[in-house]
Amino acid sequence: MKKNITVLFLVFTIVFISCDQDFNTIGSDLVGDEHFDFSTHEAQLKAYSVKTNEVQTNNLPINPLGIYNNPYFGVTKANFVSQVSLATQQPKFGTSVQIENVTLYVPYFSNVETTNADGSKVYALNSVYGANKESKMKLSVFENGYYLNEYNPLDNFQTAQRYFSDGSANGTSINFENLKRGNDGSGNSVQNGTRLNDSPNAAENDQFFFNKAEIIVYKTKFNTTTGILEYVDANDVVLANQNDASLRVVKERLAPGIYLTLNKAFFKKRILEAGSANLINNNEFKQYFKGLYFKIEQLPGEQGAMAMFNFSNAKLNVNYSSVDEGAVVGSAATSKSLVLNFGAGSGSNSVSLQDYSYSGAYDAGLSATNQVTGQNSKLYLKGGKGSVVYIDVFGDTDVLKPVNGQLVAGANQIPDELDQLRLNGWLINEAYLEFFIDKTAMAGTNQLEAERLYLFDATNQKPLVDYTFDATTNSNIKYNKLIFGGIIERDNTADKKGIKYKIRITDHIDNLLNSTDTNLNKNVRLGLTVTENINFINNYYYKSPFDVNNTPTVSTDDIEYFPVASIMEQQGVVLHGTNPSAADASKKLKLVIHYTKPN
């Protein structure tokens, strides 16, 4: 009966939390700490942190770009390389072709805070990290000089190609920096030439920053005589004063993002004057023009900042003027645009290049001598080239086995605690893992804790049943699966420092204890990572598989991959482990099981 009441309560909870909520509500317990007369059991755990080293980073759904100085974990510099594809294959450019301009737009993650009477908007940026989110950096965009394979040439193109955070593939390092191409001054593409974002506006290159301002594109007309774009009024009449911004007419308002004007001469020669065989389809085009390489450099006195991007939303527009093929002699030229797309949706491959320097404290924590025991005082989670945590539930003591409803001497490859709990026949009302943040390690004013953690089945590399069955949604999709949880809970101080994370695994524990289905009651190893987005559950590879059982001569038990969402995320958090200091004993990592004894 009580279990039925619990089910009804959870159904009510699902309906209730589907409404929009503020952050503090999202971070609070969805099922309170009152459990009526339910009994409680705290299970034994082993938990240990593992350094990921280099990780697979090609074709990530979300990519970092910039420099992130994390006060506890260290410094990450993220560059990016991507193919681009023709939106229209085998394009016809016409005659009397003149290039107008070349624009590159990559939107940030943002939300509108205010809409003004004139239609302009005030934005706030999301997923930008750093002590100063508007810190200046040097941004350079080049032509990529290395062809990104979609499939692995070493196995006759039978499997997907993997590229790793250090820019390597198939055991070979790729020097994207040395292979980059640029302008030779006359528009020709040459190795290590001048960068393509050579605008006199320093905010597009030498003083680049993540600007939250709305981007305004003004109405212009191309002057075929002078070869320049001129501002015009609402009737397309050229403005007499080209320098008076108040006279300009708004053509388009764009959400904040990277907005660059690239070298016209280069793209005229490289794209508009390319041989027709190079433009006949995207396979040929990507062999000819191998994409773009985005390079970030730190400036003296600046820490830098890092933003997350969905480059599938990026657009490269080569705008030109020409007379249509077959047009009547004397026809005027008209403006046109060749669009180049990024991202997997356009069939373009990409690689996130991440140069990460571990801090001394973080590196030492990951190499602690007691790591293999699973009884650590601290646990370390960080995205990108960082670390994950593995958890063995119910410990590893195995000297007993069940016989005729009793435990007797003898091992059976099942932890003794799990054997005993199965014999108890409990009705499981709720089970959850509670991870308390080490506030000392994360005390810095600019030390941002990871917003969310993701718990998964690390034995089979798949989501837990509690994740799958949780259908709750939120207006911000990053807060879907609210009952499953893992969202940070913060205090009410001005800094909003993190307290803990709570993840419910009620169905998983119920299956372990009470199911007779061997596909459901296997005591799998659990994995814990940070996540950029709870909805991404696919896996990417470690460059070097993790020998979790310390059996160097046996590779079948190695862990080869883990959730891609951890690779996309760049933040981290230090947690109290299963063996914290005496002062932090109440913050011990625990699995709490609330149950009802059978009558």
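Residues numbered from 1 in each chain as written. Predicted model: local features only at pLDDT ≥ 70, side-chain atom pairs only at ≥ 80, totals over all residues. Heavy atoms only, no water.

### What to know about the overall build of the protein
Part 1 of the argument: Regarding its fold elements, the protein presents ten helices and 38 strands.
Part 2 of the argument: A burial count over the protein gives 49% of its 599 residues as buried.
Part 3 of the argument: Summarising the internal contacts of the protein: among those between residues at least 6 apart in sequence, 75% fall at separations of at least 24.
Part 4 of the argument: Averaging the coordinates of the 52 positive side-chain charges in the protein and doing the same for the 62 negative ones gives two points 3 Å apart. (Helix = DSSP H or I, 4+ residues; strand = E, 2+ residues; numbered from the N terminus. Buried < 20%, exposed > 50% of the residue type's maximum accessible area, 1.4 Å probe, protein only. Contact = heavy atoms within 4.5 Å. Lys, Arg positive; Asp, Glu negative; His and termini not counted. Charge placed at Lys NZ, Arg CZ, Asp CG, Glu CD.)

### Quick look at the pattern of salt bridges
Part 1 of the argument: Summed over all chains, the structure comprises 22 salt bridges.
Part 2 of the argument: The residue K46 makes a salt bridge to D396 at a minimum N-O spacing of 3.0 Å. On the criterion of sequence distance, the pair formed by K46 in strand β2 (residues 45-51) and D396 in the loop between β26 (387-393) and β27 (400-403) is long-range, its members being 350 residues apart.
Part 3 of the argument: A relative accessible area of 13% places K46 in the buried class.
Part 4 of the argument: Take D396: its relative accessible area is 54%, and that puts it in the exposed class.
Part 5 of the argument: Here D392 and R525 are joined by a salt bridge, their closest N and O atoms 2.9 Å apart. Here D392 is found in strand β26, whereas its partner R525 is found in the loop between α9 (506-514) and β34 (526-530), with 133 residues between them in sequence. For the pair D392 and R525, one class covers both residues: buried. (Salt bridge = Lys/Arg side-chain N within 4 Å of Asp/Glu carboxyl O.)

### Looking at the confidence of the model for the protein
Part 1 of the argument: Overall, the predicted model of the protein reaches an average pLDDT of 91, with 93% of residues at or above 70.
Part 2 of the argument: Every residue in residues 1-36 scores below 50 in pLDDT, and together they form 53 contacts with partners more than four places removed in sequence or on other chains. (pLDDT = per-residue confidence, 0-100.)

### Description of the sheet that holds strand β29 (residues 427-436)
Part 1 of the argument: If you walk across this open sheet you meet the five strands as β1-β38-β29-β33-β32, and the pairing is antiparallel. Of all the strands in the sheet, just β1 (39-43) and β32 (489-490) have a single pairing partner and so form its edges.
Part 2 of the argument: Pairing of β29 with strand β33 (residues 498-504) involves five bridges; the strand directions are antiparallel. Paired with L433 across the two strands is I503, which belongs to β33.
Part 3 of the argument: The strands touched by α9 are β29, β33 and β38 (590-596); relative to β29, the strand with the most contacts, the crossing angle is about 125°. (Pairing = 2+ DSSP bridges. Axes fitted to C-alpha atoms, helices over the stretch in contact; angles between N-to-C directions.)

### Quick notes on the sheet that holds strand β23 (residues 334-341)
Part 1 of the argument: Strand order in the open sheet formed by five strands is β5-β23-β22-β6-β19, with antiparallel pairing between adjacent strands. Of all strands in the sheet, those bounded by a partner on one side alone are β5 (85-86) and β19 (257-262).
Part 2 of the argument: In terms of strand pairing, strand β22 (residues 315-323) meets β23 through eight bridges, oriented antiparallel. In the strand pairing of β23, S321 is matched with S335.

### Focus on helix α7 (residues 416-424)
Part 1 of the argument: What α7 keeps buried is the set D416, E417, L418, D419 and L421.
Part 2 of the argument: Where α7 is buried, its residues contact β1, β27, β28 (406-409), α9 and β38.
Part 3 of the argument: Looking one or two residues past α7, G425 carries a phi angle of roughly 70°, positive in sign.

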